[in-house]
Amino acid sequence: MKNLRLLFFALVLAVVAIACDAATQEQIDQAVDQVEALATDANIDVTAVVEQVESAATQVSEAVATEEPMVEEATEEPEMMEFAALDPVVDDSCAGAFSRIEATSQYEVTFDLCNPDPAFLAKIAFAAFAIFSDDYLNETGGTGAILEAPVGTGPYKVDVWNRGDSIIFSKNEAYWGEPAVADQLVFRWASEGAARLLELQSGQVDGIDNPSPDDFDTIADDDSLQLIERPALNIFYFGMTNTFPPFDNVQVRQAVAMGIDRQRIVDNFYPGGSEVASHFTPCAIPNGCEGESWYDFDAEAARQMLADAGYPDGFETTIYYRDVFRSYLPEPGLVAQELQAQLENNLGIVATIEVMESGAFIAESSAGNLEGFHLLGWGADYPHPTNFLDFHFGQANTQFGAAHPEIYEVLAEAASVADPAVAAPLYEQANNMIKELVPMVPIAHGGSAVAYRGDVEGGFASPLGNEYFAVMTPGDRGQFVWMQNAEPISLFCADETDGESLRACEQVQEALYTYEIGGTGAVPALATECAPNEELTQWVCTLREGVTFHDGSAFDANDVIATFGANLDVENPNHAGNTGVYEYYDYLWGLINKPPAE
């Protein structure tokens, strides 16, 4: 019985082997011989059985042969979307700094410059050159919603802007870098230093900008508060517009330069660490103070020069300013009154004072529309003379009226020189011409500070005025509240210049590079590297992969091209902004297709 079962088992194996073509003919013959031997032992007539097996095997074999061969399905690779680069930004005329900006791959952008630029990284790190989403630029047309609710890549995103009261930011949970410490960030503002200090002392805010100079000792002596002084990388100046008489007369401007007691202003209205400006650019910046120092105060000589210019009895004019406390101008109202008194006492010039709303003041002064004097200043965006001199005295700036080629042509040459020692004689020449032509009067480099509650960890004072709040721990609180001098004008900082707007933008948006926390060095941000050629006329930026905007869209080279195209090219459909002036883009890079000045 056992042998019978073995026989049938062997027969089944034979059928399966033949049907599946799993055995060679030799192996099949061997199996049949074994079956015959078993059958003989079991006294079974094997002939009929073998015939049946062979018949069955033939039928199975034929059936298998007629079947479609089994083909293993290949695992499909996910279809990769081919990167379609936007058209490059091109300026064959080299009217500005760039001849071409191109997305050379999905995560690489090449900047071709018309001239060498050793300060490229320092410039590209500035908040005004933050990268916007291509889709959001097209959706908004570069204005409207983007002014108050930009879609960035930064550690915070805008929740709501309560105009006149506060801006509330929430933590970006998908941030590519080190996440923000506090879950919520709030910006508030107050124009008076005393009001800001009271909010800090009462625990309503965690940090304040620019406490009044008179309050420095009060804060330093309070164990529950922290005072951190900020380096004086700024300038306060007394501006004039040479397209309006009598400021079209260089002797009038020189008389004003000699007739103001600048030391008196610093002594009475500035905190410790401040100094009278010998030059427009702070001396801490290499090549900032090449050339002759500014005029000494001499009221008698100034009055005689004004008489020689045809104004022996002086003249009537206006002093314009905005009531915004800045590190370069801590007491704007008091300083305006001091200047008013000095003009009349020293020069016989009778000036009325007009306070303007901040945004309107910036727009009108930038356009050169203020017929009289104006009080303004500048804080360093990056530590290079181009940041101070090229903006204010470059060919594109109309703030002081008609620009002077004796100044801007030399500055353009100096800006292309990498070696500071080689550039020094050029900056000497430019500074001397600024002194001779007097577009404005540099008054002071103002010392300033920030203050925090005692339990705030990681607080610092940026020399560039761009405090980064994502690294600060507000004690055991989940919300960090910051109070600054004024409300931001907009959060589209490609078209803003005021520090209050720029600081807010820094929390939300990012450029290809940024500045080291608490310092001035440029470090990678949305780019992992920007590398130059030997001549410094081409910079290739490798972009950071895996970064997303606040709306979830992925960041790549097209966003860089869309940003620079919209903000540089006047004819781009998304070139709208807030004022449409795009001052930083114009003075640092030069706008494309800009209509000729009327």
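Refer to the structure presented above.
Calculation rules
- Residues numbered from 1 in each chain as written.
- Predicted model: local features only at pLDDT ≥ 70, side-chain atom pairs only at ≥ 80, totals over all residues.
- Heavy atoms only, no water.
- Helix = DSSP H or I, 4+ residues; strand = E, 2+ residues; numbered from the N terminus.
- Buried < 20%, exposed > 50% of the residue type's maximum accessible area, 1.4 Å probe, protein only.
- Contact = heavy atoms within 4.5 Å.
- Areas by Shrake-Rupley, 256 points an atom, 1.4 Å probe, with all protein chains shown as cover.
- Disulfide = S-S within 2.5 Å.
- Phe/Tyr/Trp six-rings, centres within 6.5 Å; stacked < 30°, edge-to-face > 60°.
- Lys NZ or Arg CZ within 6 Å of the ring centre and 35° of its normal.
- Pairing = 2+ DSSP bridges.
- Arc of directions from axis to C-beta.
- Core = buried A, V, L, I, M, F, W, Y, C linked by side-chain atoms within 4.5 Å.
- Axes fitted to C-alpha atoms, helices over the stretch in contact; angles between N-to-C directions.
- Left-handed = near helix turned anticlockwise from the far one by under 90°.
- Polar contact = N/O pair within 3.5 Å; in protein donor to acceptor, adjacent residues only side chain to side chain.
- Parallel < 35°, antiparallel > 145°, perpendicular 65-115°, else oblique.
- Nonpolar A, V, L, I, M, F, W, Y, C, P; charged D, E, K, R; others polar.
- Salt bridge = Lys/Arg side-chain N within 4 Å of Asp/Glu carboxyl O.

Helices and strands together make up the secondary structure of the protein chain, namely 18 helices and 22 strands. Among the 598 residues that make up the protein chain, the fraction classed as buried is 53%. When contacts within the protein chain are restricted to residue pairs at least 6 apart in sequence, long-range pairs at least 24 apart make up 68% of them. Accessible surface, the protein chain as shown: approximately 25800 Å² in total, 48% of it carbon and sulfur.

As enumerated under the stated definition, the model contains 4 disulfides in all. In this model C94 forms its disulfide with C114; the gap between the sulfur atoms is 1.9 Å. Classification of the bridge connecting C94 and C114 rests on its S-S torsion, roughly -95°, and on that basis the disulfide is left-handed. Pair noted here: C94 is in the loop between β1 (89–90) and β2 (98–105) and C114 is in the loop between β3 (108–113) and α4 (120–124), with a separation of 20 residues, a long-range link. For C94, a relative accessible area of 32% translates into the label partly exposed. For C114, a relative accessible area of 21% gives the class partly exposed. The side chain of C493 participates in a disulfide bridge whose partner is C505; the two sulfur atoms lie 2.1 Å from each other.

A word on the packing of aromatic side chains. Here a ring pair, both rings aromatic, is described through the centre-centre distance and the interplanar angle of the planes. With the rule as written, the count across this model stands at 37 aromatic pairs. Between F169 and F187, the aromatic rings sit 5.4 Å apart at their centres with planes inclined by 70°, giving edge-to-face as the arrangement. Taken together, the residues F169 in strand β5 (residues 166–171) and F187 in strand β6 (residues 184–189) connect sequence positions 18 residues apart. We note that F169, like F187, is buried. Taking 5.8 Å as the distance between ring centres and 85° as the angle between the ring planes, the aromatic pair formed by F247 and F315 counts as edge-to-face. In this pair, F247 is assigned in the loop between β9 (234–240) and α8 (250–258) and F315 in the loop between α10 (299–308) and β11 (316–322), connecting sequence segments 68 residues apart. Residues F247 and F315 agree in their burial class; the two are buried. Above the plane of the ring of W161 lies R163, whose end atom (NZ or CZ) is 3.7 Å from the centre. Here K435 stacks its cationic end above the ring of Y295, 5.1 Å away from the centre of that ring.

Strands in a sheet are paired, the pairing made by backbone hydrogen bonds, and the direction either parallel or antiparallel. With mixed pairing, 6 strands are arranged side by side in an open sheet as β10-β14-β9-β13-β11-β12. If you trace the sheet from one side to the other, it starts and ends with β10 (275–276) and β12 (350–356), each paired once. Summarising the sheet, β9 and strand β14 (residues 440–445) pair through 4 bridges and their orientation is antiparallel. Following the sheet pairing, F238 is matched in β14 by V441.

Omega for the bond connecting P245 with P246 falls within 30 degrees of zero, at 5°, which places this linkage in the cis form. For P246, the location among the structural elements is in the loop between β9 and α8. Backbone geometry places C94, a non-glycine residue, at a positive phi of 55°.

This part is about the side chain of N234. Take N234: it is sitting in strand β9. A relative accessible area of 2% places N234 in the buried class.

All of the buried residues along helix α9 (residues 262–269) are R262, I265, V266 and F269. End-on, the buried residues of α9 take up no more than an arc of 100°, which puts them together on one face. In this structure, the buried residues of α9 make contact with β10, α11 (332–347) and β14.

All right, on to the nonpolar core then. If you look at soluble globular proteins, the nonpolar side chains tend to sit buried side by side. If you look at the biggest cluster of nonpolar residues, it comprises 152 residues, and the most contacted ones within it are F111, F238, L375, L512, F564 and W589. In contact with L512, not counting residues within four places along its chain, are F111, I124, I131, P524, A525, L526, A527, C541, L543 and V560. The next biggest cluster of nonpolar side chains, apart from the first, holds 11 residues, and it includes A190, L197, L200 and M483.

Taken across its 10 residues, helix α16 (residues 499–508) has 10 buried, putting it largely inside the fold. Residues G499, E500, S501, L502, R503, A504, C505, E506, Q507 and V508 constitute the buried set of α16.

Pairing in this open sheet of 5 strands is antiparallel, and the strands run β1-β2-β3-β22-β21 from one edge to the other. Strands with a single pairing partner mark the edges of an open sheet, and in this sheet they are β1 and β21 (527–532). Its contacts with the sheet put helix α17 (residues 557–568) on β1, β2, β3 and β22 (538–543), and the angle it makes with β2 is roughly 160°.

Let's shift gears to the packing of helix α13 (residues 385–393) against helix α14 (residues 405–415). Close contact between α13 and α14 brings their axes to 10 Å; oriented N to C, the two are set at 145°. Of the two elements, α13 crosses α14, and the hand of that crossing is left-handed. Listed contacts from α14 to T386, L389, D390 and F393 of α13 are I407, Y408, L411 and A415.

What follows deals with the environment of I319. The residue I319 is located in strand β11 in this model. Residue class for I319 comes out buried when judged on its relative accessible area of 0%. Each C-alpha atom of the pair I319 and L370 lies 9.1 Å from the other, and the pair is 51 residues apart in sequence. Leave out the neighbours within four places in its chain, and I319 touches F238, A336, L339, Q340, L343, A351, T352, I353, E354, F373 and L375.

What follows deals with the environment of R163. In this fold, R163 is placed in the loop between β4 (156–162) and β5. Look at R163 and you get partly exposed, because its relative accessible area is 43%. Once you skip the residues sitting within four places of it in the chain, R163 turns out to touch E148, E487, P488 and I489. Within the local environment of R163, its side chain forms a polar contact with the side chain of E148, the two groups lying 3.1 Å apart.

What follows concerns the packing of α10 against α11. Axis separation between α10 and α11 bottoms out at 9 Å; the angle between their running directions is 75°. Considering the angle they form, α10 stands roughly perpendicular to α11. Contact with α10, carried on its side by A299, A302, R303 and L306, involves N345, N346 and L347 of α11 and no other residues of that element. Class assignment of the residues belonging to the contact of α10 with α11 gives a composition of 4 nonpolar, 2 polar and 1 charged.

Within this structure, the stated rule accounts for 18 salt bridges. For R326, the salt bridge goes to E500, with nearest N and O atoms at 3.3 Å. With a gap of 174 residues between them, R326 in the loop between β11 and α11 and E500 in helix α16 connect regions that are remote in the sequence. In this structure, D586 engages K594 in a salt bridge whose closest nitrogen and oxygen atoms are separated by 2.6 Å. Residues joined by salt bridges that share partners form a network here, namely D206, R453, D455, D476 and R477.

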